[in-house]
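Secondary and tertiary structure notes
Chain residues, written in single-letter form:
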Amino acid sequence: MITVNFNPDIDKERIEKILMEIRADAMGGWIDWPQNYNKEELYRIKAAAAKVREESECLVCIGIGGSYLGHRAVIEALGEKSSTKIVYAGNSLSRRELGRALNELGDQDFSINVISKSGTTLEPAVAFEAFKKKLVEKYGEEEAKKRIYATTDANSGVLHDEAVANGYTRFVVPDNIGGRYSVLTAVGLLPLAAAGINIDELLAGAAEGSAQISSDSVAVKYAWMRYVLGSRGYDTEVFASFEPATMYFNEWLKQLFGESEGKNKQGIWPASVIYSTDLHSLGQFMQDGRRNLWETIIDFPTDEMNAKVVTAVRTAHAAGGIPVLNIGVSSYDEKGFGELIYFFEMSCAISAKLFGVNPFDQPGVEAYKTELKKLI
Ligand code: PA5
């Protein structure tokens with residue numbers, strides 16, 4: 001169960017209207033997803049993950065943005081629980097980084113999960129070519145095709161067409177779920193299952209979160225607090241975690257909120273810190289710098305010493321004049337993360353609506369892709 005240390009005065013009528021709008025939105029497929037998950041697809045994902053674990057020392061996961069950050073966030077936080085290691089690629093255009101990932105793989109047995117909803121994004125496309133070449137060199141054309149898992153659109157796109165033509169095992173990114181809301185679909189579930197994460201528990205945690213949604217729920221309270229603070233000139237939110245392994249969870253949060261809210265010259269800049277490490281770098285600014293920010297502590301259950309730092313930081317930073325929101329997470333496991341993912345997805349959708357922007361499009365991301373295509 002998620003708990004919060006604030007209880008704002010919410011305009012319930014406005015929230016009810018927003019919840020109705022979100023439920024009716026063509027991109028609202030993620031809302032009932034945890035309960036209505038297609039059992040047959042879940043079975044296919046688990047079977048594919050078992051095959052990967054059996055025949056590969058590594059699964060190369062190729063994707064960027066919403067096709068990357070969610071599963072990495074959970075895998076890094078909980079740790080890989082299978083002997084199959086995940087190697088990440090296709091999340092930049094740096095040759096150096098691509099070389100590093102190829103080196104990390106070395107001579108190990110591997111399979112590839114290429115993930116791209118559009119099937120046309122350049123970063124994963126470039127990495128896919130490089131790793132596919134290595135796969136073919138190692139196993140030959142026919143065996144290579146059996147080791148490629150493509151997660152993409154059901155009907156169109158370059159990746160879709162290639163997957164169909166070559167008989168790769170395919171998984172679908174649903175039309176009605178955008179990239180940054182897709183971690184609980186095959187986008188995230190296949191890499192997670194391959195890493196030995198219990199995806200049933202993850203979905204169960206998300207289902208618990210979704211069952212709690214009403215105008216009184218914690219997700220609504222948090223969205224409303226963001227709206228209140230944002231409207232009062234606090235234009236930066238700093239997500240603070242005291243668990244270093246959750247650094248990628250912070251990255252996922254930044255993408256979720258940044259892409260959902262940063263439009264029409266609006267939005268709260270999402271930043272992040274890992275404490276106590278960053279108390280020795282950004283701590284000074286948090287305590288005493290420009291007062292345009294607030295801190296949202298993601299308060300995972302932790303050991304006694306670390307818990308004392310959480311309390312000390314809350315007290316010191318509040319005294320330093322910044323609002324400190326606390327989001328208490330009940331368990332540091334699959335269930336806890338499932339619930340937390342759903343909590344933030346729902347809060348983000350509501351908060352974007354409160355600010356009057358569409359939580360589900362990302363025209364800014366498309367603009368850079370178009371410019372890049374012109375240049376190459
Ligand atoms: O959340 C989003 O929609 C984006 O971050 C996309 O996930 C990202 O641009 C990658 O797109 P695609 O999955 O089409 O390759």
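Residues numbered from 1 in each chain as written. Predicted model: local features only at pLDDT ≥ 70, side-chain atom pairs only at ≥ 80, totals over all residues. Heavy atoms only, no water.

A separate point is the sheet that holds strand β4 (residues 110-116). For sheets, the rule is that strands pair by backbone hydrogen bonds, running either parallel or antiparallel. Overall, parallel pairing links the five strands, which are arranged β3-β2-β4-β5-β6 in an open sheet. Each edge of the sheet is formed by a strand with only one pairing partner; in this case those strands are β3 (85-89) and β6 (169-172). Averaged over neighbouring strand pairs, the angle between their axes works out to 20° when direction is ignored. As paired elements, strand β5 (residues 148-152) and β6 share four bridges and run parallel to each other. Note that in β6 the partner of threonine 152 across the bridge is valine 172. Together, β2 (58-62), β3 and β4 form the strand contacts of helix α5 (residues 95-105), whose direction differs from that of β3 by roughly 160°. Packed on one face of the sheet, helix α6 (residues 122-139) meets β2, β3, β4 and β5 and runs near 160° to β4. (Pairing = 2+ DSSP bridges. Helix = DSSP H or I, 4+ residues; strand = E, 2+ residues; numbered from the N terminus. Axes fitted to C-alpha atoms, helices over the stretch in contact; angles between N-to-C directions. Contact = heavy atoms within 4.5 Å.)

Time to look at the pattern of salt bridges. Evaluated as defined, the whole model comprises 25 salt bridges. Arginine 72 serves as the salt-bridge partner of glutamate 76, at 2.9 Å between the closest nitrogen and oxygen. Of this pair, glutamate 76 and arginine 72 both sit in helix α4 (residues 69-78), four residues apart, which is roughly one turn of the helix. A salt bridge links glutamate 251 to lysine 254, with the nearest nitrogen and oxygen atoms 3.1 Å apart. (Salt bridge = Lys/Arg side-chain N within 4 Å of Asp/Glu carboxyl O.)

Estimated volume of the largest pocket: approximately 470 Å³. For the lining of the largest pocket, the secondary-structure elements that each account for two or more residues are β4, α6, α12 (247-261) and α16 (363-375). Looking at the lining of the largest pocket, the element that brings in the most residues is α16, giving four residues. Class assignment for the residues of the lining of the largest pocket results in seven nonpolar, ten polar and six charged. Per-domain counts for the lining of the largest pocket show at least three residues from each of domain 1 (3-27 + 203-354) and domain 2 (39-197). By volume, the second largest pocket amounts to about 210 Å³. Looking at the lining of the second largest pocket, the elements with two or more residues in it are α12 and β8 (269-274). Sorting elements by how many residues they give to the lining of the second largest pocket places α12 first, with four residues. Each residue belonging to the lining of the second largest pocket can be placed in one class, and the counts come to four nonpolar, two polar and two charged. (1 Å grid on protein atoms, 1.4 Å probe; cavity = no way out; pocket = protein on both sides within 12 Å on 5 of 7 lines; lining within 4 Å. Points joined across faces, edges and corners; volume = space filled by probe spheres on them. Nonpolar A, V, L, I, M, F, W, Y, C, P; charged D, E, K, R; others polar. Domains from an automatic or database assignment.)

Now for helix α3 (residues 39-55). An ideal rise of 1.5 Å per residue puts 24 Å on 17 residues; α3 measures up with 25 Å between its terminal C-alpha atoms. When we look at burial in α3, the residues that qualify are Glu41, Leu42, Ile45, Ala48, Ala49 and Val52. End-on, the buried residues of α3 take up no more than an arc of 125°, which puts them together on one face. Exposed and facing more than 90 degrees away from the buried side of α3 are Lys39, Glu40, Tyr43 and Glu54. At the N-terminal boundary of α3, the capping side chain belongs to asparagine 38, with an oxygen 2.9 Å from the backbone nitrogen of glutamate 40. (Expected span 1.5 Å × (residues − 1). Buried < 20%, exposed > 50% of the residue type's maximum accessible area, 1.4 Å probe, protein only. Arc of directions from axis to C-beta. Polar contact = N/O pair within 3.5 Å; in protein donor to acceptor, adjacent residues only side chain to side chain.)

Time to look at the nonpolar core. One finds Trp30, Trp252, Leu340, Phe344 and Ile350 to be the most contacted residues of the largest nonpolar core, which totals 84 residues. For this core, the leading source of residues is helix α15 (residues 334-354), giving eleven residues. Both of domain 1 (3-27 + 203-354) and domain 2 (39-197) provide at least three residues apiece to this core. When near neighbours in sequence (up to four residues on either side) are disregarded, leucine 340 contacts Ile2, Phe249, Ile298, Phe300, Ile327 and Val329. (Core = buried A, V, L, I, M, F, W, Y, C linked by side-chain atoms within 4.5 Å.)

This paragraph deals with the packing of helix α10 (residues 199-211) against α15. Orientation of α10 relative to α15, taken along the N-to-C sense of each, is 45°, at an axis distance of 6 Å. Taken together, the axis directions place α10 and α15 in an arrangement best described as oblique. Considering the relative orientation of α10 and α15, their crossing is right-handed. In this structure, α10 uses Glu201, Leu202, Ala204, Gly205, Ala206, Glu208, Gly209 and Ser210 to contact α15, whose residues at the interface are Glu334, Lys335, Phe337, Gly338, Glu339 and Tyr342. Counted by class, the contact of α10 with α15 contains five nonpolar, four polar and five charged residues. (Parallel < 35°, antiparallel > 145°, perpendicular 65-115°, else oblique. Left-handed = near helix turned anticlockwise from the far one by under 90°.)

Glancing now at the domain arrangement of the protein chain. The domain architecture assigned to the protein chain consists of domain 1 (3-27 + 203-354) and domain 2 (39-197). The C-alpha-based centres of domain 1 and domain 2 are spaced at 29 Å. On the side of domain 2, 24 residues touch domain 1, which itself brings 23 residues to the contact. At the junction of domain 1 and domain 2, the tally comes to two salt bridges. Across the salt bridge formed by glutamate 334 and lysine 81, the nearest N and O atoms sit 3.0 Å from each other. For the pair domain 1 and domain 2, the interface holds seven residue pairs in polar contact (both at pLDDT 80 or more). Among the elements of the structure, α10, α12 and α15 are those that each provide at least two residues to the side of domain 1 that touches domain 2. A breakdown of the residues in the side of domain 1 that touches domain 2 according to their chemical character gives 14 nonpolar, three polar and six charged.

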